[in-house]
Amino acid sequence: MRLRQALAANSRVAVQALHGRGGVGKTRLAIEYARRFAGEYELAWWIPAEDLALIPDQLAQLAARTGAAPAGTSPAEAVEALRGQLRTRPRRLLIFDNAEDPAALTLYLPGGGEHVLVTSQPALAHRSRPPRLRPPSST
């Protein structure tokens with residue numbers, strides 16, 4: 001599977017964007033990838049990404065689940081704690097499904113050894129190559 005090869009080829013954060021018109025199977029491919037390679041990851045987390053404003057709350061839930069931040073921590077603080085944790089712990093799969101603006105997800109990429117799948121329809125469908133998503137530099 002070329003998707004697995006592309007993700008596994010990078011020792012840092014590996015981002016693969018699945019883009020195209022609605023109904024072509026991007027989400028189904030992401031689900032199948034997560035199912036097929038579940039044993040390769042300590043944790044896989046599905047993030048509905050249609051509404052960017054809701055992503056911090058979803059990542060705060062992940063931060064609480066992994067122990068990166070206690071439940072009830074503000075979403076901004078929880079996201080930062082999670083990013084710090086994920087930078088040091090490989091074998092994580094984050095799937096951002098149906099992102100309207102995949103480039104806006106850069107704020108949420110930890111920059112460690114995790115794998116990230118992004119499904120997108122309108123923002124990427126007109127491009128021949130998806131944009132390069134890079135995590136913000138660590139400070």
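This one's a predicted model, so the numbers in the text were calculated from it and none came from an experiment.

### Considering the packing of helix α3 (residues 55-66) against helix α4 (residues 75-88)
For step 1, the next point in the chain: Two numbers describe how α3 lies on α4: the axes approach to 8 Å, and their chain directions differ by 55°. With respect to their mutual orientation, α3 and α4 come out oblique. Helix-helix and strand crossings are classified by hand; for α3 and α4 the assignment is left-handed. Note on element contacts: α4 touches α3 through Pro-75, Ala-78, Val-79, Leu-82 and Gln-85, opposite Pro-56, Asp-57, Leu-59, Ala-60, Leu-62, Ala-63 and Thr-66.
For step 2, the next point in the chain: Here the residues of the contact of α3 with α4 sort into nine nonpolar, two polar and one charged.

### Section: the pattern of salt bridges
Pairing of side chains with opposite charge becomes possible as their charged atoms draw close.
For step 1, the next point in the chain: Considering all chains together, one arrives at four salt bridges under this definition.
For step 2, the next point in the chain: The salt bridge involving Arg-36 is made with Glu-32; its shortest N-O contact spans 3.3 Å. One end of the pair, Arg-36, and the other, Glu-32, are both in helix α2 (residues 26-36), four residues apart, so they sit about a helical turn from each other.
For step 3, the next point in the chain: Accessibility expressed as a relative area gives 48% for Arg-36, which makes it partly exposed.
For step 4, the next point in the chain: The partly exposed category is assigned to Glu-32, whose relative accessible area is 23%.
For step 5, the next point in the chain: Residue Arg-83 is joined to Glu-80 by a salt bridge in which the shortest nitrogen-to-oxygen separation is 3.1 Å. Taken together, the residues span about one helical turn, with Arg-83 and Glu-80 both in helix α4 at a distance of three residues.
For step 6, the next point in the chain: What makes Glu-80 partly exposed here is its relative accessible area of 45%.

### Structural notes on the nonpolar core
In a soluble, globular protein the nonpolar side chains are often hidden away together inside.
For step 1, the next point in the chain: By size, the foremost hydrophobic cluster in this structure holds 22 residues, and its most contacted members are Ile-55, Leu-59, Leu-94 and Phe-96.
For step 2, the next point in the chain: Listed by contribution, the elements that provide at least two residues to this core are β2 (43-48), α3, α4, β3 (92-99) and β4 (115-120).
For step 3, the next point in the chain: For this core, the element with the most residues is α3, which contributes five residues.
For step 4, the next point in the chain: Setting aside chain neighbours within four positions, we find Phe-96 in contact with Ile-47, Ala-49, Ile-55, Leu-105, Tyr-108, Leu-109, Val-116, Leu-117, Val-118 and Thr-119.

What counts as what
- Residues numbered from 1 in each chain as written.
- Predicted model: local features only at pLDDT ≥ 70, side-chain atom pairs only at ≥ 80, totals over all residues.
- Heavy atoms only, no water.
- Axes fitted to C-alpha atoms, helices over the stretch in contact; angles between N-to-C directions.
- Helix = DSSP H or I, 4+ residues; strand = E, 2+ residues; numbered from the N terminus.
- Parallel < 35°, antiparallel > 145°, perpendicular 65-115°, else oblique.
- Left-handed = near helix turned anticlockwise from the far one by under 90°.
- Contact = heavy atoms within 4.5 Å.
- Nonpolar A, V, L, I, M, F, W, Y, C, P; charged D, E, K, R; others polar.
- Salt bridge = Lys/Arg side-chain N within 4 Å of Asp/Glu carboxyl O.
- Buried < 20%, exposed > 50% of the residue type's maximum accessible area, 1.4 Å probe, protein only.
- Core = buried A, V, L, I, M, F, W, Y, C linked by side-chain atoms within 4.5 Å.

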